[in-house]
Amino acid sequence: MKISKERCVGCANCVPICSVGAIYIGDDGLAEINTETCVECHNCYRSLSFEHLQPGLTRTIRRVLKKMSLRFQPDPDVCPTEAFIPDELSWPRIVRRAFSDPMVTHESTGVHGRGTEEVKTNDVSHRIKAGDVGVVIEFGRPGIGVYFREVQKATMALAAAGVVFEEGNPVTQMMADRAIGTIREDVLDEKVLSCIVEVTVSLADTAKALQTVKQICRAAETVISIGVSTVCNEDGSEPLREILEREGYQTGWAKVNLGLGRASNASISTGGTRS
Ligand code: SF4
Ligand code: SF4
């Protein structure tokens, strides 16, 4: 994303709109974007309304009014001179937008936003099968974001813990070697608003995977959230809760997918999915 120096009048309306604090008012009194911090989420471009005032005239009016201790300030959600210019992004920077702009579809998965459906459609996709545990680890959030170099530390630790990376996940698609959890070298310095790593482990290996995630959290330079999911038995019971409690987690189901989608092959699954 760029801001045109010719069009900006320095009203600062765009500064609080940025998802990661990349927009600031420079020494010249005009808005600038820190391109290293910007994750190309397009939130500024989508959230502001654009008016088409003449920049030179608007600057003059603002200057004159300021001398009179008055000011001309557009409504807070308006860029008065349409100063934003979206860049034509190329690889690898385009990865920032793919993971950060919820309006963009991931080419690898065909899903918007972070590019994964997680386990929301497990009743028909069967990502997580009976006896397995799905673990989703989300890196970054609005306000902080995450570099793929940071994510790679986690994927390498998880690979060493014996997890299986979910095939239909965009981070998996960017891996150079899934056996050791490395991510493509050319995207490691790209920063995104957030991304989700999805792995599957057997119930027997779940405690080890959770301990690995705890270690990752201690050294992380971003915010990390973890979610787990499992297929419950027909009577509603499941063995995952006991493992979670042993590992020091308070349990309580955040989400129950009721199984409204049904498998055409009834032998694959019986219960719904809890996460
Ligand atoms: S809202 Fe527009 S005119 Fe105001 S500071 Fe930002 S880019 Fe410049
Ligand atoms: S594209 Fe997103 S990160 Fe970049 S300046 Fe706009 S709001 Fe900030």
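This is a predicted model, so every value here is computed, not measured.

S.K.: Outline the overall build of the protein chain, listing residues and values.
M.R.: Each helix and strand counted, the protein chain has eight helices and 16 strands in total. Across the 275 residues in the protein chain, those meeting the buried criterion constitute 46%. When contacts within the protein chain are restricted to residue pairs at least 6 apart in sequence, long-range pairs at least 24 apart make up 73% of them. On the protein chain, roughly 14200 Å² of surface is accessible, and the fraction owed to carbon and sulfur atoms is 52%.

S.K.: Hey, could you go over the packing of aromatic side chains for me, with residue numbers and the actual values?
M.R.: Inspection of every chain in the model, using the stated rule, returns three aromatic pairs. Ring plane angle 45° and centroid distance 5.5 Å describe the contact between Tyr45 and Phe50, whose orientation is recorded as tilted. Cluster of aromatic residues (ring-pair linked, three or more members): Tyr45, Phe50 and Phe84. Sitting over the ring of Tyr249, Lys214 keeps its end group 5.0 Å from the ring centre.

S.K.: Lay out the site of ligand 1 in plain terms, naming residues and giving numbers.
M.R.: In the region of ligand 1, 14 residues are neighbours, and Cys8, Cys11, Ala12, Cys14 and Cys79 sit closest. Residues that form the shell around ligand 1 fall into these classes: eleven nonpolar, three polar and no charged.

S.K.: Describe the nonpolar core, listing the residues and the values that go with them.
M.R.: If you look at the biggest cluster of nonpolar residues, it comprises 34 residues, and the most contacted ones within it are Phe99, Phe139, Phe148, Val151, Ile183 and Cys195. Elements with a contribution of two residues or more to this core: helix H3 (94–100), strand E7 (132–139), helix H5 (148–160), strand E13 (195–202), helix H7 (206–219), strand E14 (224–231) and helix H8 (240–246). It is H5 that contributes the most residues to this core, five residues altogether. In this structure, Phe148 is in contact with Val95, Phe99, Val171, Met174, Ile183, Val187, Leu188, Glu190, Val192 and Cys195, ignoring residues within four places of it in sequence. Counting 20 residues, the second-largest nonpolar core is a separate cluster that includes Cys8, Ala22, Cys41 and Cys44.

S.K.: Which residues make up the environment of Asp123, and what are the values?
M.R.: Within the element layout of this structure, Asp123 appears in helix H4 (residues 122–125). On the accessibility criterion, Asp123 (10% relative accessible area) is buried.

S.K.: Tell me about the side chain of Arg127, and please be specific about residues and values.
M.R.: Here Arg127 is to be found in the loop between H4 and E7. A residue is classified by how much of its surface remains accessible, and Arg127, at 18% relative accessible area, is buried. Polar contacts involving the side chain of Arg127 include one to the main-chain carbonyl oxygen of Gly168, which spans 3.2 Å. A polar contact is formed between the side chain of Arg127 and the side chain of Glu198, at a distance of 2.6 Å.

S.K.: Outline the site of ligand 2, listing residues and values.
M.R.: The immediate surroundings of ligand 2 are formed by 13 residues, with Cys18, Cys38, Cys41, His42 and Cys44 found nearest. Here the shell around ligand 2 is composed, by residue class, of nine nonpolar, three polar and one charged.

S.K.: I'd love a proper account of the packing of H5 against H7, names of residues and values included.
M.R.: The geometry of H5 relative to H7 is characterised by a closest axis approach of 10 Å and an angle of 155° between their N-to-C directions. Taken together, the axes of H5 and H7 are roughly antiparallel relative to one another. Viewed along their axes, H5 and H7 form a crossing whose handedness is right-handed. The residues of H7 that touch H5, namely those facing Glu150, Ala154, Ala157, Leu158 and Ala160, are Lys208, Thr212, Val213, Ile216 and Ala219.

Rules used in this analysis
- Residues numbered from 1 in each chain as written.
- Chains lettered and ligands numbered in written order.
- Predicted model: local features only at pLDDT ≥ 70, side-chain atom pairs only at ≥ 80, totals over all residues.
- Heavy atoms only, no water.
- Helix = DSSP H or I, 4+ residues; strand = E, 2+ residues; numbered from the N terminus.
- Buried < 20%, exposed > 50% of the residue type's maximum accessible area, 1.4 Å probe, protein only.
- Contact = heavy atoms within 4.5 Å.
- Areas by Shrake-Rupley, 256 points an atom, 1.4 Å probe, with all protein chains shown as cover.
- Phe/Tyr/Trp six-rings, centres within 6.5 Å; stacked < 30°, edge-to-face > 60°.
- Lys NZ or Arg CZ within 6 Å of the ring centre and 35° of its normal.
- Near = heavy atom within 4 Å.
- Nonpolar A, V, L, I, M, F, W, Y, C, P; charged D, E, K, R; others polar.
- Core = buried A, V, L, I, M, F, W, Y, C linked by side-chain atoms within 4.5 Å.
- Polar contact = N/O pair within 3.5 Å; in protein donor to acceptor, adjacent residues only side chain to side chain.
- Axes fitted to C-alpha atoms, helices over the stretch in contact; angles between N-to-C directions.
- Parallel < 35°, antiparallel > 145°, perpendicular 65-115°, else oblique.
- Left-handed = near helix turned anticlockwise from the far one by under 90°.

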